[in-house]
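The chain contents come next:
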Amino acid sequence: MDDAEAGIARRVRLERDARGWSLAELAEKSGVAKASISKIERGEMSPSAGILARLAAAFELTLAGLLLRAEGTGRLFRAENQPVWRDPATGYIRRQIFRTPSNPLEVVAVEMPPGQSVSFPAWSYANVRHVVIVQSGELVLTEDDASSVLKTGDSLGFGPPSKVTYANQGNEPCRYLVVLARS
C-alpha cells in the first residue's frame, strides 16, 4: 500500500467515525459493500474512483474533497495557507487553524458578527469532543435548552452530543476558538 492509499484508508475511517456510523450504515448510505469498506479502511483494497465517489457522496463530500482530506499535510500551518470560509447568510468567518488526517486534534478560529447565530445538529458532535474558548466579545452557547454566557477568556467543554447554537447577542464581533478531538 502506498502513501496515497494509506491516506485514503485513514480518511474513510475518520469520516465514518466522525459521524458515528457503523460499517453497515456507511454501506447502506453509499451503496458500497460492507466487506469492501472494511478492506478499504484496513488498506487491503485500493478503491476505484467510482467507489470513492460513492463514499464521498455518503459523507456529503465531493470526490476531490475526500481526496484532499486524505492527503497528508505537514505539521506547520502558516496563517496565509489556512483555509477561510465565510457564511454568506450570517457573515460567520471560520478559519481552519490546524487539521491533519493523522492527528485527532483540530483547531478552528471563528468570528461571529453581532446579532448572528449558527446551529449544528447533535450528530455533528458524535465521537468528537469540543472545547470553546472565547478570545474577545461575548458568546451565548446553547446545548439543547441549556444556555451559557461566555465572556473573554472563558472556556466551555461540551457535554454529550446535542443540538448546539452559537450566538453573538452583543454589538461587537465575538472571536473564539473551537478545539476538537476526534475519538
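Residues numbered from 1 in each chain as written. Predicted model: local features only at pLDDT ≥ 70, side-chain atom pairs only at ≥ 80, totals over all residues. Heavy atoms only, no water.

J.: Help me understand the packing of aromatic side chains in this model?
T.: Aromatic ring pairs: the centre-centre distance and the angle between the two ring planes describe each pair. Evaluated as defined, the whole model comprises five aromatic pairs. Taken together, a centroid distance of 5.8 Å and an interplanar angle of 15° make the contact between W21 and F59 stacked. Of this pair, W21 sits in the loop between α1 (3-19) and α2 (23-30) while F59 sits in the loop between α4 (49-58) and α5 (63-70), and the two are 38 residues apart along the sequence. Relative accessible area serves as the criterion here: at 2%, F59 is assigned to the buried category. (Phe/Tyr/Trp six-rings, centres within 6.5 Å; stacked < 30°, edge-to-face > 60°. Helix = DSSP H or I, 4+ residues; strand = E, 2+ residues; numbered from the N terminus. Buried < 20%, exposed > 50% of the residue type's maximum accessible area, 1.4 Å probe, protein only.)

J.: What's the story with the pattern of salt bridges in this structure? I'm lost.
T.: Enumeration according to the criterion identifies seven salt bridges in this entry. We note a salt bridge from R19 to E15, for which the minimum N-O separation is 2.6 Å. Within this pair, R19 and its partner E15 are both found in helix α1, separated by four residues, close to a single helical turn. For R19, a relative accessible area of 15% translates into the label buried. When its relative accessible area of 2% is taken as the criterion, E15 is described as buried. The closest approach of N and O atoms between E111 and R175, which form a salt bridge, is 3.2 Å. Pair noted here: E111 is in strand β3 (residues 105-112) and R175 is in strand β10 (residues 174-182), with a separation of 64 residues, a long-range link. (Salt bridge = Lys/Arg side-chain N within 4 Å of Asp/Glu carboxyl O.)

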